[in-house]
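# An overview of the molecular structure
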Amino acid sequence: MTVAFNSVDDEGRTTAVLLSLQHSFEMLLKAALVHNDVQVFDKNLGRSIGFEKCLQLSRQEQNIKITDPEAGTLRAIDALRDDEQHWFNSVSEPILFVHARAGVTLFDDLLNRVFGERLADSLPLRVLPISTEPPMGLEILIDQEFTQIQDLLQPGRRARNEARAKIRTLLAIEGHASEESLVSERDVDRVEKGMSQGKSRDAVFPALAQISTEFSGEGPTLTVRFDKKGPPVKFADGTSDAAAIREVDLQKKFHWSATELAKKLGISPPKALTLRQHLGIDEDPKCFYVFVMGSQKHPRFSDNAFKRMRDSMKTLDMDDVWNSHKPIGRGKSPRRCPIEGCAQARE
């Protein structure tokens, strides 16, 4: 990746950088998972798991400890790579640089966290991505890109394809703040229509307002980290501006069945049910969703549910939780949980 970034040949350079950057993270995540005795081969398909599954499993492993901002960086890099490889895309030099440097920073962080090694032990500083211009915060870069898209969409410019290519890049960057980072044609159409109608940046790219950048050091020792700020993105409630609505694959977000969740937590399904009741998991829309398929209903849980339940098990006495919530037979009044902070006790 670093060799491609500092190459004197511009032809195919952006594609090569993003391909190498995304692939290097996939290999690092797989190595980290294997190091933690996690299976990285899909027995049903007979092949290794992909990037998205690697990220999903890595967030569940406490020894890897990928944070939400770090997961956002990885999603954005993956989305930028996907659009660059499969679509007509336009990634400006400043946006490419800030993501390349953030990638190097995160790679070093993960390498040290899991294996106790530093990237500088294997790579000399001279080969790391270097820019001839001072790095700019992502908010400034986004404003610049948004203004350029507005100009490209002006009547008579005949630059619609270029505008849509830049829209794809900004939608991919939303992966920093949104769990859904893959860009669809409908999303691009939605943003193009909104911008043509004069909608503001926050109206068509609401998630971008949550992303901030942190710089430290300079030159070859520059580190870049992305962080989230402001209120989280909300699901559309029917009153939101259509320009701000982005499609989300709920099956990817809510992918745990109750049985799978219990197995991953290392407890029986009945005990997992009582823990969910204790924490109010089934009442939290960030944790629980019911897919309706004809006459059948399929309840599913998100990684948020898994994390809340896993973390709570460090401090809760599961025997107390079980005794407070276990079934007590038909016709009897349900127990009121005596445990302080219990979701049932608060009702």
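Residues numbered from 1 in each chain as written. Predicted model: local features only at pLDDT ≥ 70, side-chain atom pairs only at ≥ 80, totals over all residues. Heavy atoms only, no water.

Turning to the environment of Lys271, a few remarks are in order. Checked against the element boundaries, Lys271 lands in helix H12 (residues 269-279). The exposure class assigned to Lys271 is partly exposed, which follows from its relative accessible area of 28%. Sequence separation between Lys271 and Lys326 is 55 residues, and the spatial gap between their C-alpha atoms is 7.9 Å. (Helix = DSSP H or I, 4+ residues; strand = E, 2+ residues; numbered from the N terminus. Buried < 20%, exposed > 50% of the residue type's maximum accessible area, 1.4 Å probe, protein only.)

Taken together, 3 strands build an open sheet; the order of strands is E5-E7-E6 and the sheet is antiparallel. Looking along the sheet, the strands with just one partner apiece sit at the ends: strand E5 (254-256) and strand E6 (288-293). Shown here is a sheet whose adjacent strand axes are inclined to one another by a mean of 60°, direction ignored. Relative to strand E7 (residues 296-302), E5 runs antiparallel, the two sharing 2 bridges. Bridged to Trp256 within E7 is Phe301. In this fold helix H11 (residues 258-265) packs onto E5 and E7, with an angle of close to 60° to the strand it touches most, E5. (Pairing = 2+ DSSP bridges. Axes fitted to C-alpha atoms, helices over the stretch in contact; angles between N-to-C directions. Contact = heavy atoms within 4.5 Å.)

Let us now look at the packing of helix H4 (residues 68-86) against helix H5 (residues 93-115). Between H4 and H5, the shortest axis-to-axis distance is 11 Å and the interhelical angle comes to 130°. Of the possible angle classes, the one that applies to H4 and H5 is oblique. Our pair here, H4 against H5, has a crossing hand that is left-handed. Across the interface between the two elements, Glu70, Thr73, Leu74, Ala76, Ile77 and Leu80 from H4 touch His99, Ala102, Gly103, Leu106, Leu110 and Arg113 from H5. (Parallel < 35°, antiparallel > 145°, perpendicular 65-115°, else oblique. Left-handed = near helix turned anticlockwise from the far one by under 90°.)

Once that is clear, we can look at the confidence of the model for the chain. When pLDDT is low, close inspection of the predicted coordinates is not appropriate. Confidence in the prediction for the chain averages 83 pLDDT; 88% of positions are at 70 or higher. Predicted confidence is poor over residues 232-240, with pLDDT under 50, and the contacts of this stretch with residues over four places away or in other chains come to 8 contacts. (pLDDT = per-residue confidence, 0-100.)

Turning next to the nonpolar core. Formed by 40 residues in total, the largest nonpolar core has its most connected members in Leu138, Ile173, Met195 and Phe205. Of all elements in the fold, only helix H1 (2-5), helix H2 (13-35), H4, H5, helix H6 (138-152), helix H7 (160-173), helix H8 (185-196) and strand E4 (223-228) reach the threshold of two or more residues within this core. Every residue in contact with Ile173, bar those within four places of it in the chain, is listed here: Ala76, Leu80, Ile95, His99, Leu138, Leu208 and Ile211. Counting 26 residues, the second largest nonpolar core, distinct from the first, contains Leu55, Ile77, Val114 and Leu119. (Core = buried A, V, L, I, M, F, W, Y, C linked by side-chain atoms within 4.5 Å.)

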